[in-house]
Amino acid sequence: PPTIITPGTAKTAAKFFKSGTSRREALSLYREILRTCKAFHWCDDKGQPWNQKLRNEARKEFEASKEETDPLIIARMLVTGRDCVQQIQQKFNEADRKAWERIENDTNR
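None of the values given here were measured: they were computed from a predicted structure.

Thoughts on the overall build of the protein
Working step 1: From N to C terminus, the protein includes four helices and zero strands.
Working step 2: Scanning the protein from its N terminus toward the C terminus, one meets helices and strands in the order α-α-α-α.
Working step 3: Buried residues in the protein amount to 20% of all 109 residues.
Working step 4: For the protein, restricting intrachain contacts to residue pairs at least 6 apart in sequence, the fraction spanning at least 24 positions comes to 63%.

So this is what it looks like as structure tokens:
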């Protein structure tokens, strides 16, 4: 789980993020996003697969944040990103579960 840094611990945060932990957490988050993107295999209105679109957007976001040095901002981005991925995974899993329930109900009729 990501480490949460509060404003009162800025010096500790600076040491924490210089140790390479933020890099590992960011890489872990990026990989989790890529794994989550694989589940979106349908296309948008223009015919472009959502998984490609989401992967490209994730790459852009990570590239844009690459030069950030403030440990509090880095921590906030990591926590926010992890939370968003978890919410998407939960919603996707819930929708998948409901779809399987409908299939099961239709076959039992």
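Now that the structure has been shown, the text picks up again.
So, helix H4 (residues 71–107)
Working step 1: Here H4 spans 54 Å end to end across 37 residues, near enough to the 54 Å set by a 1.5 Å rise per residue.
Working step 2: Turning to H4, its buried residues are Pro71, Ile74, Ala75, Leu78, Gly81, Arg82 and Val85.
Working step 3: Two to three positions downstream of the cap, the backbone nitrogen of Leu72 sits 3.2 Å from a side-chain oxygen, assigning the N-cap of H4 to Asp70.

What about the pattern of salt bridges?
Working step 1: Scanning the entire structure with this criterion turns up six salt bridges.
Working step 2: Arg35 serves as the salt-bridge partner of Glu32, at 2.8 Å between the closest nitrogen and oxygen. Residue Glu32 and its partner Arg35 are located together in helix H2 (residues 21–37), separated by three residues, close to a single helical turn.
Working step 3: Residues joined by salt bridges that share partners form a network here, namely Glu94, Arg97 and Glu101.

A word on the environment of Ser65
Working step 1: By secondary structure assignment, the location of Ser65 is in helix H3 (residues 50–65).
Working step 2: Exposure remark for Ser65: the relative accessible area of 28% places this residue in the partly exposed category.
Working step 3: As a C-alpha pair, Ser65 and Met77 span 12 residues in sequence and 8.7 Å in three-dimensional space.
Working step 4: Here Glu61 takes part through its backbone oxygen, which lies 3.0 Å from a polar atom of the side chain of Ser65.

Examining the packing of aromatic side chains
Working step 1: The final tally for this structure, using the stated rule, is four aromatic pairs.
Working step 2: Seen in terms of ring centroids, Phe40 and Phe92 are 5.1 Å apart; in terms of plane orientation they differ by 55°. Their pairing is tilted. Separated by 52 residues along the polypeptide, Phe40 in the loop between H2 and H3 and Phe92 in helix H4 bring together distant segments of the chain.
Working step 3: An aromatic cluster is present here, built from Phe40, Trp42 and Phe92 joined pairwise through their rings.
Working step 4: Sitting over the ring of Trp50, Lys53 keeps its end group 4.8 Å from the ring centre.

How each quantity is defined
- Residues numbered from 1 in each chain as written.
- Predicted model: local features only at pLDDT ≥ 70, side-chain atom pairs only at ≥ 80, totals over all residues.
- Heavy atoms only, no water.
- Helix = DSSP H or I, 4+ residues; strand = E, 2+ residues; numbered from the N terminus.
- Buried < 20%, exposed > 50% of the residue type's maximum accessible area, 1.4 Å probe, protein only.
- Contact = heavy atoms within 4.5 Å.
- Expected span 1.5 Å × (residues − 1).
- Polar contact = N/O pair within 3.5 Å; in protein donor to acceptor, adjacent residues only side chain to side chain.
- Salt bridge = Lys/Arg side-chain N within 4 Å of Asp/Glu carboxyl O.
- Phe/Tyr/Trp six-rings, centres within 6.5 Å; stacked < 30°, edge-to-face > 60°.
- Lys NZ or Arg CZ within 6 Å of the ring centre and 35° of its normal.

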